[in-house]
Amino acid sequence: MIDPIDATGPREALHDVAATRRIEARALATAAPGALMRRAGLATAKLALALQPHARRVWVLAGPGNNGGDSLEAAALLRAAGAEVTVHLLADPARQGADAAAALQRARDAGVAIDATVPPSPPPCDLAIDALLGIGLARAPQGALAAAIDAFNAVPAPRLAVDVPSGLDADRGCA
């Protein structure tokens, strides 16, 4: 895991949430449907393999938004690369957007194990990927999301967050 930024140093964001959303909107306006999610999934899978090239068991926490869809794309690619991948999907598949629904189907087709429950403790894994909330955090996580974050934080293996760690306010840099 990458060391956190020194708390005594500058706290200037590269892009705040509003700027990030504007960048995403411009990119979405010119990209084919699903293209950005597939690219984000590919980038996540490449980074996961760079961080843990010999990971055989990968645990993914996927949330209801595009961040979760990005991780489903990554899960399918990691499975295709030979990893045993388990996704705990904390989202109602019927309420996902079209891109995330397509990513879920690709993950299923790749043989990724999909579970809709929150594990009471992290499963054995060589790498864990957090894609629950991303930059969309509006309030402190509660219920199943808070329990999933607690389980993720208990993972002894290397951990990778898609966008930002779940529970972190992307504008303020703290929970």
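This text gives an overview of the structure that appears in the document. Please read all numbers here as calculations on a predicted model, not as lab measurements.

## Some words on the overall build of the protein
Within the protein, the secondary structure is distributed over 5 helices and 5 strands. Secondary structure elements of the protein, listed N to C terminal, follow the sequence α-α-β-α-β-α-β-β-α-β. In the protein, which comprises 175 residues, the proportion classed as buried is 37%. Counting contacts in the protein only where the partners sit at least 6 residues apart, residues at least 24 apart contribute 83% of the total. Accessible surface, the protein as shown: approximately 9700 Å² in total, 57% of it carbon and sulfur.

## Some details on the pairing of strand β2 (residues 84-89)
In this structure, strand β1 (residues 57-62) lies alongside β2, joined through 6 bridges in parallel fashion. Residue pairing across strands places Arg 57 opposite Glu 84, the latter belonging to β2. You can see the chain leave β1, run along helix α3 (residues 66-80) and come back into β2, and the turn it takes is right-handed. Since β2 and strand β3 (residues 113-115) lie parallel, the crossover through helix α4 (residues 98-110) that links them has a hand, and here it is right-handed.

## Comments concerning the environment of Trp 59
With respect to the secondary-structure elements, Trp 59 resides in strand β1. Look at Trp 59 and you get buried, because its relative accessible area is 1%. Along the backbone, Trp 59 and Pro 124 are 65 residues apart, and their C-alpha atoms lie at a distance of 8.2 Å. Those residues within four positions of Trp 59 in sequence are excluded, and the remaining contacts are Thr 86, His 88, Pro 119, Pro 122, Pro 123, Cys 125, Leu 127, Ala 128, Ile 129, Ala 151, Phe 152 and Val 155.

## Section: the sheet that holds strand β5 (residues 159-161)
In space, the 5 strands of this open sheet follow the order β3-β2-β1-β4-β5, with parallel pairing throughout. The open sheet terminates on both sides in strands that have one partner only, identified here as β3 and β5. Neighbour-to-neighbour, the strand axes of the sheet open up by a mean angle of 20 degrees, direction not taken into account. Across 3 bridges, strand β4 (residues 127-131) lies against β5 in parallel orientation. Counterpart to Ile 129 in the pairing with β5 is Leu 160. Helix-sheet contacts for helix α2 (residues 35-51) involve β4 and β5, and the interaxial angle to β5 is about 155 degrees. Contacting β1, β4 and β5, helix α5 (residues 143-153) runs over the sheet at an angle of about 155 degrees to β1.

Reading guide: rules and limits
Residues numbered from 1 in each chain as written. Predicted model: local features only at pLDDT ≥ 70, side-chain atom pairs only at ≥ 80, totals over all residues. Heavy atoms only, no water. Helix = DSSP H or I, 4+ residues; strand = E, 2+ residues; numbered from the N terminus. Buried < 20%, exposed > 50% of the residue type's maximum accessible area, 1.4 Å probe, protein only. Contact = heavy atoms within 4.5 Å. Areas by Shrake-Rupley, 256 points an atom, 1.4 Å probe, with all protein chains shown as cover. Pairing = 2+ DSSP bridges. Right-handed = clockwise from strand over helix to strand, strands pointing away. Axes fitted to C-alpha atoms, helices over the stretch in contact; angles between N-to-C directions.

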